[in-house]
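Results of the structural survey
Now for the letters of each chain:
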Amino acid sequence: MQLDSKLPSGPIETAWDRRKFEMKLVNPANKRKYSIIVVGSGLAGGATSATLAELGYNVKCFCFQDSPRRAHSIAAQGGINAAKNYQNDGDSVFRLFYDTVKGGDFRSREPNVHRLAEISLNIIDQCVAQGVPFAREYGGTLSNRSFGGAQVSRTFYARGQTGQQLLLGAYQAMERQIGAGQIKMFPRTEMLDLIVIDGKARGIVTRNLIDGKIAAHIADAVVLGTGGYGNVFFLSTNAKGSNCTAIWRAYKRGAAFANPCYTQIHPTCIPVSGDYQSKLTLMSESLRNDGRIWVPLKKGDKRSPDQIPEAERDYYLERRYPSFGNLVPRDVASRNAKAVCDEGRGVGETGLGVYLDFSGAFKRLGRGAIEERYGNLFEMYERITGEDPYKIPMRIYPAIHYTMGGLWVDYQLMSTIPGLFVIGEANFSDHGANRLGASALMQGLADGYFILPYTIGDYLASTKLDKADADNPAAREGVNGAAGLTNKLLSIQGTRSVDSFHRELGKLLWEHCGMARNARGLQQALQKIPELREEFWKSVRVLGSGEELNQSLEKAGRVADYMEFAELMCLDALRRNESCGGHFREEYQTPEGEALRDDEHYSYVAAWQYTGPGSPPALHKEPLEFDYVHPAQRSYK
Amino acid sequence: MNLILHVWRQKSSGDAGRTVRYEANNVNADMSFLEMLDVLNESLMDRGEEPIAFDHDCREGICGMCGFMINGVAHGSQRGTTVCQLHMRHFKDGEELYLEPWRAKAFPVVRDLVVDRGAFDRIIAAGGFISIAAGSAPDGNTILVPKPAAEIAMDAAACIGCGACVAACPNASASLFTGAKITHLGVLPQGQPERTERVMSMVAAANRELFGSCTNIGECEAVCPKLIKLEVIARMNRDFIRASWSRRS
């Protein structure tokens, strides 16, 4: 496998413009002759479906939910970054680029990130024009706030529901094209395999979740916007249905998987309360703008927070990072929370939590201002915990939230399989080893509205595609394979539920490949995962049939893929003998406990190639070069 | 705590369906309603019974996927709360609960508590958007939006499309849902060029889908998990009347 990243050369400021000019165009009259499959209807998939349809392509879009409006992008709370510099506080495209490369701990590609920063400007314009109800100043202009890891106010937001509003914007644009007949929508339909014909991605195999019919869909190109793999941990802030099946099956068809060990732990989630817990809930990190994080100075201090005087509190982020304080990036905030809890200073019944205290902000700004900024988050917290955060400080703890790794793509967002494009969280491209707050929405929409519609045209215009249909042997093999897998899961008739396996896998990964990792733990995990997988295939129990709505069967297929994917994630974490961003290896830290990168040996993208069942994957390295932002140890002191 | 559940079981859209009694034992007060059902489902599967199918995804009250009737109330009796965010601390030991899917001609039952809400998507497809192709937008700050208008738009845009309003309405009207989108787009300057067409085609689409008419009962507002106000229906009606007149002239 050859990794050709197709990165532009020359000055970075004009690289994307030059590339756009170099790319071939599809004549407007010819666009309608092409059909494109998009899997996923979130910010990336939804935006690109709408845009491709506006351009005149025939789009087929697939999602497993009952409507494209449900995609998990909807749950993003805080905001979306754009280098508009409306606040006149010194922001610029170059600063957003710089912050994102540094925030990613120097493990992302400079030209990709610069393009993202440039396009951030267009995204805001597009979303405003669509009617996204962004927060406004009294004069009618757009309002901004600062957000974790940034020292300028460049985050645009719609209360605590920015993801929802941006997604509904994309969804409405999609529905307009569905109404016009330019997009054919397939809700409650899951992708089970990728169809590769003559070395090119030409379609997908799907299962209709209502009647269980497995079918092949053929097109001229396939786009995956299927999100991340955070649910491999069972407990995460992802939606219950979010899964890695589409990207994993594409990997098994030849798409390289990049940096699977880069997972992001979000510092402000509601702590776990019991064994029945089905998911974790995130509280937007915008809360860190006005809330102060602390734990008691003394170990095992069980007094209620209002009984602990100021002098006996440790505002540990403000103490250790005076210039960024509570606004340090997510990985730093998460690791510090773990560290104080490991010291026995955690709060709450389990001792796995820290306080996020708004009492100072109430005094400074008044309750009204706090309500306006975070009202819905406070309500959500009270609903879940039964505690009133206006009276008692919130308790928070880190949880798996986002995955920076994903399918490897070149600058054109194409994977190692020609014709297979990957966008949004499903690819690996822009966030390096750590994503900054309010950047996921930016990347999903940049890929969807403004990058893929150009690059896919270049591919279609410069590629000769033979006629293909669902009777093609590759399509039939895919359909038979998917049906075989479904029947196999149903025929085991074992004794353990799908969830029990998923929980066990999640616990194993959280322990050995979670917030902190070490070689011994990872080796243990690599030994235990195949054992658990074997037991899964021997004793999983899926009731019912394959010809009906069968939610256990859907889950079983996804967990079967996690059982394989988990191994790749641990292997990647073991092979990366350094700490960077969300990947913290305990063996590699500075005396102060900060992540210690090894730029000499690990300044590369790790792209893994599938080599067949039972055979170890092959590692390919794409070296990273930094011409504009000089790698240095990240300091937020 | 222990609860008695009477749950609507229906194998497919063609099946007649019936209520089945279950006992949910050792329910923890900190569980969400759906977590309680997860635990019940695990015990059903241990007995070789197929689990109860219910829609859910984000479990944070924002995706709009979950929802069913608890004792005749959409999403249960906790105000402004979806079933995924409803916690068991609001129930009493020994309580009997009846769980049923949304009931409306436009929302056919798929299985158990799962219904097909595709009709909502078709209402949006009829005009619930602003026609602006990617790439053709002016700079964001050239469109000034008065703060009060932005707030009204956001209040309406908070709708999650769960369908509780339809399920609660004796007429199975989709007016709260449709009115919310018409309000969101209609109070913004960006939404003005298509305002007339939008209301006409969205209302027509809701009628085509066999949703009933609004008779100002207000059950929708009472159960809406996002507290969308009846005011959006008034705005829709006003726009509709104005649109009818302006079309005629």
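Since we're looking at a predicted model, the values are computed, not measured. (Residues numbered from 1 in each chain as written. Chains lettered and ligands numbered in written order. Predicted model: local features only at pLDDT ≥ 70, side-chain atom pairs only at ≥ 80, totals over all residues.)

**A short note on the interface of chain A and chain B**
- Contact with chain A, which involves 62 residues of that partner, is made by 66 residues of chain B.
- Every element with two or more residues in the side of chain A that touches chain B is listed here: α3 (43-55), α5 (110-130), α6 (162-179), α11 (367-385), α12 (440-461) and α16 (551-575) of chain A.
- A total of 9 residues in the side of chain A that touches chain B trace back to one element, the largest contributor, which is α6(A).
- Grouping the amino acids of the side of chain A that touches chain B by side-chain chemistry returns 22 nonpolar, 24 polar and 16 charged. (Contact = placed C-beta atoms within 7 Å. Helix = DSSP H or I, 4+ residues; strand = E, 2+ residues; numbered from the N terminus. Nonpolar A, V, L, I, M, F, W, Y, C, P; charged D, E, K, R; others polar.)

**Details of the nonpolar core**
- With 290 residues, the main nonpolar core has Ile36(A), Val223(A), Leu407(A) and Val166(B) as its most contacted residues.
- With 14 residues, the single largest contributor to this core is α16(A). (Core = buried A, V, L, I, M, F, W, Y, C linked by C-beta atoms within 7 Å. Buried ≥ 20, exposed ≤ 12 C-beta atoms within 10 Å, placed from the backbone.)

**Things to note about the domain arrangement of chain B**
Residues and elements named next belong to chain B.
- Each domain of chain B was delimited in the assignment, giving domain 1 (3-111) and domain 2 (117-248).
- Between the C-alpha centres of domain 1 and domain 2 the distance comes to 29 Å.
- In this assembly, 18 residues from domain 1 lie in contact with 17 residues from domain 2. (Domains from an automatic or database assignment.)

**Details of the pairing of strand β1 (residues 35-39) of chain A**
All names here are of chain A.
- Across the 5 residues of β1, 4 count as buried, placing the element largely inside the fold.
- With 5 bridges connecting them, β1 and strand β2 (residues 58-62) associate as parallel partners. Among the inter-strand pairings, Val39 is bridged to a residue of β2, identified as Phe62.
- The parallel pair β1 and β2, bridged by α3, forms a crossover whose chirality is right-handed. (Pairing = 2+ DSSP bridges. Right-handed = clockwise from strand over helix to strand, strands pointing away.)

**Regarding the packing of helix α14 (residues 498-513) of chain A against helix α15 (residues 519-539) of chain A**
Residue and element names in this part refer to chain A.
- One way to put it is that α14 packs onto α15 with a least axis distance of 10 Å and a crossing angle of 170°. Comparing the axis directions of α14 and α15 gives the class roughly antiparallel. Where α14 abuts α15, its residues Phe501, Glu504, Leu505, Leu508, Leu509, Glu511, His512 and Cys513 lie against Gly521, Leu522, Gln524, Ala525, Lys528, Leu532 and Phe536.
- Along the lines of polarity and charge, the residues of the contact of α14 with α15 split into 9 nonpolar, 3 polar and 3 charged. (Axes fitted to C-alpha atoms, helices over the stretch in contact; angles between N-to-C directions. Parallel < 35°, antiparallel > 145°, perpendicular 65-115°, else oblique.)

**Thoughts on unusual backbone geometry**
- Positive phi values are uncommon outside glycine, yet Gln493(A) reaches one of about 50°.
- If you trace the backbone, Gln493(A) turns up in the loop between α13 (473-492) and α14.
- Overall, Gln493(A) belongs to the exposed group, with 11 C-beta atoms counted inside 10 Å.
- If you check the backbone angles, Asn71(B) has positive phi at about 50° while not being a glycine.

**Section: the sheet that holds strand β4 (residues 73-74) of chain B**
- Pairing is mixed across the open sheet formed by 5 strands, whose spatial order is β2-β1-β5-β3-β4 (chain B). The open sheet terminates on both sides in strands that have one partner only, identified here as β2 (18-24) and β4 of chain B.

**A closer look at the sheet that holds strand β6 (residues 189-197) of chain A**
All names here are of chain A.
- Across the sheet, which stays open at both edges, the 3 strands sit in the order β6-β7-β8 with antiparallel pairing between neighbours. Each edge of the sheet is formed by a strand with only one pairing partner; in this case those strands are β6 and β8 (214-218). Adjacent strand axes in the sheet meet at a mean angle of 30° when their direction is disregarded.
- Relative to strand β7 (residues 200-208), β6 is paired through 8 bridges, and the arrangement is antiparallel. Along β7, the bridge assignment pairs Met191 with Thr206.
- Seen against the sheet, α13 touches β6, β7 and β8 and runs at an angle of roughly 145° to β6.

**Brief notes about helix α6 (residues 195-208) of chain B**
Residues and elements named next belong to chain B.
- With 14 residues, α6 ought to run about 20 Å at 1.5 Å a step, and its terminal C-alpha atoms sit 20 Å apart, in line with that.
- Buried within α6 are the following residues: Arg198, Val199, Met202, Val203, Ala205 and Ala206. Down the axis, α6 shows its buried residues gathered within 160° of arc, on one side only. (Expected span 1.5 Å × (residues − 1). Arc of directions from axis to C-beta.)

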